[in-house]
Structure formats: C-alpha cells, structure tokens
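Structural characterization, general
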Amino acid sequence: MTTEAVPETVTAESSTDEDSPRTYRPAVSAISDSALADLLPDELRYRRDQIRRGVFGGDAQGFDQITPLPRRLRERLDATLAFSSISPARVRIADDGTRAFLFQAADGTIFETVQLPSERGSATTVCISSQAGCAMACTFCATGTLGLTRNLSMAEIVDQFLHVRRESPGSAAPDRVVFMGMGEPLANTANVRDAVEALVDPGRGGLGARHVTVSTVGLPAGIEELTRWPWQIGLAISLHAASDDIRATLVPLAKHVNLATLMAASVAYQRATRRRVSYEYTMLRDVNDQVAQARDLARLVDGQTCHVNLIPFNPFPGSVYEAPAAGTTRRFRDELLRRGVAATIRRTRGREIAGACGQLRADGAVWRRRSQSMATPLHAS
Ligand code: SF4
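1. Some details on the overall build of the protein chain
Counting secondary structure elements, the protein chain contains 11 helices and 14 strands. The buried share of the protein chain, taken over its 381 residues, is 46%.

2. Side note on the environment of arginine 166
Relative to the helices and strands, arginine 166 is located in helix H4 (residues 154-166). Once the C-alpha coordinates of arginine 166 and aspartate 59 are considered, the two residues, 107 residues apart in sequence, prove to be 4.6 Å apart. In contact with arginine 166, not counting residues within four places along its chain, are Asp59 and Gln61.

3. Side note on the packing of helix H9 (residues 291-300) against helix H10 (residues 326-338)
Contact pair H9 / H10: the axes reach a minimum separation of 9 Å and the direction vectors enclose 35°. For the pair H9 and H10, the crossing hand works out as right-handed. Across the interface between the two elements, Val291, Ala294, Arg295, Leu297 and Ala298 from H9 touch Arg331, Phe332, Glu335 and Leu336 from H10. Tallied by class, residues from the contact of H9 with H10 come to six nonpolar, no polar and three charged.

4. Let's talk about the environment of aspartate 64
Positionally, aspartate 64 belongs in the loop between helix H2 (45-57) and helix H3 (71-80). Given 14 C-beta atoms within 10 Å, aspartate 64 falls into the partly exposed group. In contact with aspartate 64, other than residues within four places in its own chain, are Arg74 and Asp78.

5. Thoughts on the nonpolar core
Among the nonpolar cores identified, the biggest contains 96 residues, and Val158, Phe161, Val177, Ala195, Leu199, Tyr279 and Val308 are the most heavily contacted of them. At seven residues, H4 tops the list of elements feeding residues into this core. Counting the residues that make up this core, at least three belong to each of domain 1 (10-80) and domain 2 (86-373). Setting aside chain neighbours within four positions, we find valine 158 in contact with Ser29, Ala195, Ala198, Leu199 and Gly205.

6. Some remarks on unusual backbone geometry
We note that histidine 240 has phi near 70°; this positive angle belongs to a residue other than glycine. Positionally, histidine 240 belongs in the loop between strand S11 (234-238) and helix H7 (244-250). Classification of histidine 240 by C-beta neighbours within 10 Å gives buried; the count is 27. Even without being a glycine, aspartate 286 presents a positive backbone phi close to 60°. Among the structural elements, aspartate 286 can be located in the loop between strand S12 (277-283) and H9. Residue aspartate 286 is classed as exposed on the basis of its 10 C-beta neighbours within 10 Å.

7. Focus: the site of the ligand
Around the ligand, the neighbouring residues are Cys134, Met136, Ala137, Cys138, Cys141, Thr143, Gly144, Met182, Gly183, Glu184, Val217 and Ser238. Per-class residue counts for the shell around the ligand are seven nonpolar, four polar and one charged.

8. Describing the confidence of the model for the protein chain
Chain-level pLDDT for the protein chain is 87 on average; 85% of the residues reach the 70-or-more range. Taken together, the stretch residues 1-21 has pLDDT below 50 and engages in 40 contacts with residues farther than four places along the chain or on a different chain. Scored below 50 in pLDDT, residues 364-381 shows 39 contacts in the model against residues more than four places distant or in partner chains.

9. Quick word on the pairing of strand S4 (residues 99-105)
By the criterion of burial, S4 is predominantly enclosed, with seven of the seven residues buried. Of the two faces of S4, both are covered, the one formed by Arg99, Phe101, Phe103 and Ala105 as well as the one formed by Ala100, Leu102 and Gln104. Between strand S3 (residues 86-93) and the antiparallel strand that follows it, S4, lie five residues; glycine 97 among them carries a positive phi value of about 95°. In this sheet, strand S5 (residues 110-116) lies alongside S4 in antiparallel orientation, the contact comprising six bridges. Looking across to S5, one finds that alanine 100 is bridged to valine 114. In sequence, S4 turns back onto S5 through a hairpin of four residues, with glycine 108 there showing a positive phi of about 95°.

Reading guide: rules and limits
- Residues numbered from 1 in each chain as written.
- Predicted model: local features only at pLDDT ≥ 70, side-chain atom pairs only at ≥ 80, totals over all residues.
- Helix = DSSP H or I, 4+ residues; strand = E, 2+ residues; numbered from the N terminus.
- Buried ≥ 20, exposed ≤ 12 C-beta atoms within 10 Å, placed from the backbone.
- Contact = placed C-beta atoms within 7 Å.
- Axes fitted to C-alpha atoms, helices over the stretch in contact; angles between N-to-C directions.
- Left-handed = near helix turned anticlockwise from the far one by under 90°.
- Nonpolar A, V, L, I, M, F, W, Y, C, P; charged D, E, K, R; others polar.
- Core = buried A, V, L, I, M, F, W, Y, C linked by C-beta atoms within 7 Å.
- Domains from an automatic or database assignment.
- Near = placed C-beta within 6 Å.
- pLDDT = per-residue confidence, 0-100.
- Pairing = 2+ DSSP bridges.

Listed below in structure tokens is the structure:
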C-alpha cells in the first residue's frame, strides 16, 4: 500500500449479521500529508499540522483530545478517520517492567506487542508484530504454533508503536523499534516498508533509522530488497544453528534455503550497506548448545561484519525444548569470543508474562478463537 493515497474504507462481513457488512474508517496513521489535504480541502495547512502533531506527537487518545483543534474539526475527523487502527484488549506487566500488549484490529484480529525496559532505566524498546500469527512454524517459537491469520497493515504496525508511546510518558518513552514480535516481516514487505518509512519520518514516528531493526528468519529475496531501502536500519537474521541438518529441525524454511544461500544473501547485504548484521541464536539444551557447535558457528560467520545474540530458550506450554544451564551458554559465548566473533547473551525479560522472545501467542486457544471468528470489531462505524 502506498501512503500517497487515501486508503479506501475497508468493508468486512460481520460474523453476526451477514446482510449488513461493517465499514471501517481508514486510520489516520496511514494517511499521507497530501491525502489529508485531499480529505480536508477547505482546511488550512496549519490545521493539518496540528492534526499530525496531535496524532504522532502527543498523548491524545482520540481526536476529541487534540484540543488545539476546533470542536467541529474534531467531530469531522472522528466521522471520517479512525484515530487508531487498533485497540488495546489487555496489558500485562512483568516485575522487571516489561509490558505485553494484546491488541485487537478493526476486524477482530488480535496480536501482541512487547515494550522492553532499558537496562539503563531510560528509553524503552518496542517489539512490534508484522503479522497476526506466523506461517514459518519455527519449532521453538510459540507464535509458530498458531499458523498465519493475516498480514498486518502499515497502520496496524505503526499504531502499535504510537499506542505504546502515548502510554509511556517522559523518560520511559520508546526510542527503538524491533520487528521481533509476531510474524515474519519480510513476508509482509510492502507494509513493513511503509511502516518503517513512517517510523523514521521526523514528522511522524521520529525515530533514528539506526534505532529500527528488522528481524527475519532468512528470506534471501527479502534481504536483498532491504539493501535497496534508503534508511540505515538494522538487520537481524534468525540463525539458531550452524548446520543445515539441525537448522531444518528448528526452522522449516531451512529445508528450502540452506545456510550457504542464506550466508551469501547476508554477506551481499553487508557489502552493499556496510552495516553489521545481527545473528539471533536461540540456545536449546542438547540441540545447538555445545562448544563444538560454537566452533562451527564461528567458521560459518568467519570474516563477516556481524554480531551474535545468544538467546536462552524461553519455554511455553507444549514445547519440547529446554534452555541450557547458564554456564553452558557462557561457555558457548566464550568460544565465539575466543574465535573473534562478537557475541553477547541476551538478558531474558518478561518471561513470567509470556512476553519474552519466542513466547508470543496471545493466549493460545483464546487467540485462535477470536482471530478465526473475526468477531467484535471495535472500529466499525
Ligand atoms: S521465530 Fe519468527 S519466523 Fe519463526 S515462527 Fe516465530 S515469529 Fe515466525
């Protein structure tokens, strides 16, 4: 979807009344400046700027709270546009400050977003979803057990960040976005690209491009497309194993994309962008956590401009995996460091609220029931 056009009003069949399709107002976050001008041809430029500032810059929760605008304009906006494409259905807060948001889209689809506190106690990071569910079916990931419901729109992606920012006053405001929530971002490239453009636009998201990271399970065509994006965003690749055999048991895509192909795409990205790639490596006891496997990994990435993030496995109900002992993970990291590979162990956050890496599944059975029924749309006009 391009942001140069006014998105058409979406219609969807209500599960409770098939004779009267519901209509949804387009979300203001998906509307470009020129499209807003088309929508409001009789309003002066400074009014549109006030709308933009109210939507992207303040803590207003609706058009009615953008008080610099006259009442008649607020009512007009409310009748024409949705202030947000998503609504919060639930928030859970962990002892360490991690917050997991369950959001509901206008058609009833639900998905999760996680806000991660900074280790320094200042600005936070938002881990956003690009899809509801995921088709990639990685065996160590709770989201992978759900299957894919659908791609999220550009507005649904951007509104996750905007909602969290409005809820985070002062120093807790997020200044980083990682596409590491539900879904494979490079399977929804057009919407993710538009969302990144909005997030790094000084007049909208206002994030530094280096504070946005796209994470992929390893789609070579998508990685190649990233080299053509004009922003200096980060790339993380989910690796999880240094051998094709083991990787294929963890990431079904690896049966079709071997490590040689993936590494070629990654190296081409590093050369084209001169940027460092992060490799994500979920540590699984007795699967990929041996020192010999650290050596294999070091050989695989030898000569690359990269960093390895070791992620102790986060359990979820029904999973067959366990996390290694902390000492095993440290020995793995130390072997990488000894061989000249930059490596760190990611601190686990939000595990008790199922908000840690690989745990997002929005309450399993409830999530499935709500998403498949597409019931209870909240933004129907
Ligand atoms: S790890 Fe990422 S790509 Fe794999 S199933 Fe989970 S969300 Fe999808």
